[in-house]
Amino acid sequence: MFQTKHDILPEQTHDEFAREEFCGTMRKFFTETLWPGNNDVYQGKQLPQFEARHGRKPQTRSEVKELMEETFYYRCSNLFGRVAQEQLWDTVGESIERQLPSLIEKARPKPDAIGSLELHPEMPMPKYIESVDIHVMPGNFHTELCEGDVYQGALYDRGVYYFAYGGMGAENDKLGVAMAGYVKSAFPDFKPKRIVDMGAGMGFSTLPWKDAYPEAEVYGVDIGAPMMRYAHARAESWGKKIHFSQQNAVETNFPDGFFDIVTHCLLTHEMPVKEIQRLFKEAYRLLAPGGMMVMDGGKHIKQDPDHELFSSWFTNNVNEPFASGMGRLDFEEALVKVGFEPDNIVYSGPMGPVYLKGMAANSVSGDKAKKQSAWGSAYTVAIK
Amino acid sequence: MELSSKSIAPRRRVAKGPKRPHYMASQEIDKFMMMFTSLMAEVSALRERLDTHEGLGEAGKPVTRASVEAYKLSLPEQQAREAARDAMMKRVFRILLEDLEEARTALSTRDLEDVLADDGTSLAEHEQANA
């Protein structure tokens, strides 16, 4: 499969392309072979040894971690996963850096644009955005290399494609398509007039809402200017009318009750719990009566310590320090705290015990994708 | 009769015998792994460049820098390259997969009696033969 072209998708030389494809292969090898193998090593080797030594199973995540760290397999496979992810961004960045001036020129908003782009260079960056490059993606979502920069947007677009080794689809949109498809099928009479996608990045979860509800006005919000510039140019290139604005999703400039759907996809795992709480509060403020907040992740479940360890791989290995807090957060409690009624919170299912995005995305396709999230196998919908 | 690939079991890739000697455990290996996989990417790119040369040759086209850059990879060709990279991973990281195979084998809970029964031998016969 090849990523679908658009006007500012970076191009590669023969060898740049080959090295990028190799990164996809590394990610696939880690996700489908090495990472799941840890469970076999645990069950087949380490757990029986622990039981023989202590006459019981490990009780905590740290006990399982210590036990697994005794094995070369665990240490080496984790190292490989880390290396794969570092190498991915570094490899993808090479071709983008080479052609950055032309990408910036192509991304400049045109007078005949059908959508819009609003930037706020004066906006202060939250400390958590400045202090951690999430996903070990150097520069995070907001760093600007020059005026009008789109580097981080291009890096994310091309990088996510190889991160999921094509599992997010040729247009990187499988997660958004699945989520919008779920809302359409679960609430067939719901006709949203305005939709906003928070933490929209380069728009991979935003555009599917326009496809699902062509009559609706669709907005995308992200903290990073390079993301928004890139997202705007990408959407325009495909003729999708979207209004992108650089804002902090926890305090936007939209009026109260402006939206019928406030959605976010793969955002909460990148935010500290207190920011998630603010995001929910802002979503509640922005929703019109009867409107809904739609997010990935389902009902909180208690996991065994071994699953807890394996499913927190991203937290432990590739700069997702806040994901553990998100994993332990009781969404229902957090949503009720900001004003949603418990009876108006709908889950499509329990939050899955496995949180490994690439693999999950690849396991979901076709009709199944319409009913099921591409990670965690579930959504939470909170209706105002 | 020609054997189909499906009827041939995969070759064994783990040798029996004494344990492999213990080598390094330094943290600096982490950095070497980064160098190592980057080098694998270079080898992979080189192999695919060669594949492009072969593709141009088969199409009777001249092999020049420009023709290599302009080469349009077909979907089947891309898939074949992906399969070749997957296979390379398994060869290069065989030693790690050996650990995995060992763990999976340890999962076996079948008694010796059941295993022998596959071959029509009873436990008593087995013990007699080994006496």
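That block above? That's the structure.
Summary of the structure given here. (Residues numbered from 1 in each chain as written. Chains lettered and ligands numbered in written order. Predicted model: local features only at pLDDT ≥ 70, side-chain atom pairs only at ≥ 80, totals over all residues. Heavy atoms only, no water.)

### Points about the overall build of chain A
A tally of regular secondary structure across chain A gives 16 helices and eight strands. Its C-alpha radius of gyration of 21 Å places chain A within 12% of the 21 Å reference for a compact globule of 384 residues. A buried classification covers 61% of the 384 residues belonging to chain A. Counting only carbon and sulfur atoms, one obtains 52% of the accessible surface of chain A, whose full area is about 14,600 Å². (Helix = DSSP H or I, 4+ residues; strand = E, 2+ residues; numbered from the N terminus. Rg over C-alpha atoms; globule rule 2.2 N^0.38 Å. Buried < 20%, exposed > 50% of the residue type's maximum accessible area, 1.4 Å probe, protein only. Areas by Shrake-Rupley, 256 points an atom, 1.4 Å probe, with all protein chains shown as cover.)

### A few points about the overall build of chain B
The helix and strand inventory of chain B stands at six helices and zero strands. Sequence-ordered secondary structure for chain B, helices as α and strands as β, is α-α-α-α-α-α. The buried share among the 131 residues of chain B stands at 22%. Approximately 10,400 Å² of chain B is accessible, and the part contributed by carbon and sulfur atoms is 57%.

### Brief notes about the sheet that holds strand β6 (residues 287-296) of chain A
Within a sheet, adjacent strands bond to each other through the backbone by hydrogen bonds, running parallel or antiparallel. All names here are of chain A. One open sheet holds the eight strands; their spatial order is β1-β4-β3-β2-β5-β6-β8-β7, and the pairing between them is mixed. For this open sheet the edge positions go to β1 (116-118) and β7 (345-347), each flanked by a neighbour on one side alone. The sheet shows a mean angle of 15 degrees between the axes of neighbouring strands, direction not considered. With five bridges joining them, strand β2 (residues 194-198) and strand β3 (residues 217-222) adopt parallel strand pairing. Directly across from Val-196, in β3, lies its bridge partner Tyr-219. Sitting on the sheet, helix α10 (residues 273-286) touches β2, β5 (259-264) and β6, and the angle it makes with β6 is about 145 degrees. (Pairing = 2+ DSSP bridges. Axes fitted to C-alpha atoms, helices over the stretch in contact; angles between N-to-C directions. Contact = heavy atoms within 4.5 Å.)

### Re unusual backbone geometry
Across residues other than glycine, the phi torsion is negative in most instances, and most of the peptide bonds are trans. Residue and element names in this part refer to chain A. The phi angle at Val-136 is positive, at roughly 50 degrees, despite the residue not being glycine. Within the fold, Val-136 resides in the loop between α5 (127-131) and α6 (151-163). Looking at Val-136, the relative accessible area reads 10%, which means it is buried. You will see that Tyr-165, though not glycine, has its phi angle at about 35 degrees, which is positive.

### As for the packing of helix α1 (residues 14-54) of chain A against helix α4 (residues 94-106) of chain B
As a packed pair, α1(A) and α4(B) sit with axes 8 Å apart at the nearest point and diverge in direction by 40 degrees. Classed by the angle they form, the pair α1(A) and α4(B) counts as oblique. Note on packing geometry: the crossing formed by α1(A) with α4(B) is left-handed. Note on element contacts: α4(B) touches α1(A) through Leu96(B), Leu97(B), Leu100(B), Glu102(B), Ala103(B), Arg104(B) and Ala106(B), opposite Phe29(A), Thr33(A), Leu34(A), Gly37(A), Asp40(A), Val41(A), Gly44(A) and Lys45(A). In the contact of α1(A) with α4(B), the residues fall into eight nonpolar, three polar and four charged. (Parallel < 35°, antiparallel > 145°, perpendicular 65-115°, else oblique. Left-handed = near helix turned anticlockwise from the far one by under 90°. Nonpolar A, V, L, I, M, F, W, Y, C, P; charged D, E, K, R; others polar.)

### What about the pairing of β2(A)?
Where a strand is regular, its side chains alternate between the two sheet faces. Residues and elements named next belong to chain A. Across the five residues of β2, four count as buried, placing the element largely inside the fold. As for the winding sense of the linkage, the β-α-β connection from β2 through helix α8 (residues 207-212) to β3 is right-handed. Bridge count for β2 against β5 is four bridges, and the pairing is parallel. The residue of β5 that forms the bridge with Val-196 is Val-262. (Right-handed = clockwise from strand over helix to strand, strands pointing away.)

### Let's talk about the pairing of β6(A)
All names here are of chain A. Across the ten residues of β6, eight count as buried, placing the element largely inside the fold. In this sheet, β6 lies alongside β5 in parallel orientation, the contact comprising five bridges. Within the sheet, the bridge partner assigned to Ile-261 lies in β6 and is Met-292. Of the crossover connections in this fold, the one passing from β5 over α10 to the parallel β6 is right-handed. Relative to strand β8 (residues 379-383), β6 runs antiparallel, the two sharing five bridges. Bridging across to β8, Met-295 finds its partner in Thr-380.

### Points about the side chain of Asn78(A)
All names here are of chain A. The topology assignment puts Asn-78 in helix α3 (residues 72-98). We classify Asn-78 as buried; its relative accessible area is 10%. When neighbours within four sequence positions are excluded, Asn-78 is seen to be in contact with Asn-38, Trp-313 and Asn-317.

### Section: the packing of aromatic side chains
Here a ring pair, both rings aromatic, is described through the centre-centre distance and the interplanar angle of the planes. Counted by the stated rule, this structure contains 23 aromatic pairs over all chains. Relative to Phe93(B), the ring of Phe80(A) lies with its centre 5.0 Å away and its plane at 80 degrees, an arrangement referred to as edge-to-face. Pair noted here: Phe80(A) is in helix α3 and Phe93(B) is in the loop between α3 (75-92) and α4, and the two residues belong to different chains. Plain terms: the ring middles of Tyr219(A) and Phe254(A) are 5.5 Å apart, the flat faces sit at 80 degrees to each other, and that makes the pair edge-to-face. Placement of the pair is Tyr219(A) in strand β3 and Phe254(A) in the loop between β4 (242-246) and β5, with a sequence separation of 35 residues. Comparing Tyr219(A) with Phe254(A) shows no difference in burial state: the two are buried. By the ring-pair criterion, three or more aromatic residues cluster together here, those being Phe29(A), Phe80(A), Phe36(B) and Phe93(B). Positioned above the aromatic ring of Phe258(A), the side-chain terminus of Arg194(A) is 3.9 Å from the ring centre. (Phe/Tyr/Trp six-rings, centres within 6.5 Å; stacked < 30°, edge-to-face > 60°. Lys NZ or Arg CZ within 6 Å of the ring centre and 35° of its normal.)

### Some thoughts on the pattern of salt bridges
In total, this model carries 30 salt bridges over all chains according to the counting rule given. When the shortest N-O distance is used, the salt bridge between Arg104(B) and Asp40(A) registers 2.5 Å. Within this pair, whereas Arg104(B) is found in helix α4, its partner Asp40(A) is found in helix α1, the two belonging to separate chains. According to the relative accessible area criterion, Arg104(B) is partly exposed, its value standing at 42%. Glu275(A) is the partner of Arg278(A) in a salt bridge, and the nearest nitrogen-oxygen pair spans 3.5 Å. Here the residue Arg278(A) and the residue Glu275(A) both occupy positions in helix α10, the gap between them amounting to three residues, near one helical turn. On the accessibility criterion, Glu275(A) (5% relative accessible area) is buried. Through salt bridges that share partners, Glu251(A), Lys274(A), Glu275(A) and Arg278(A) make up one connected network. (Salt bridge = Lys/Arg side-chain N within 4 Å of Asp/Glu carboxyl O.)

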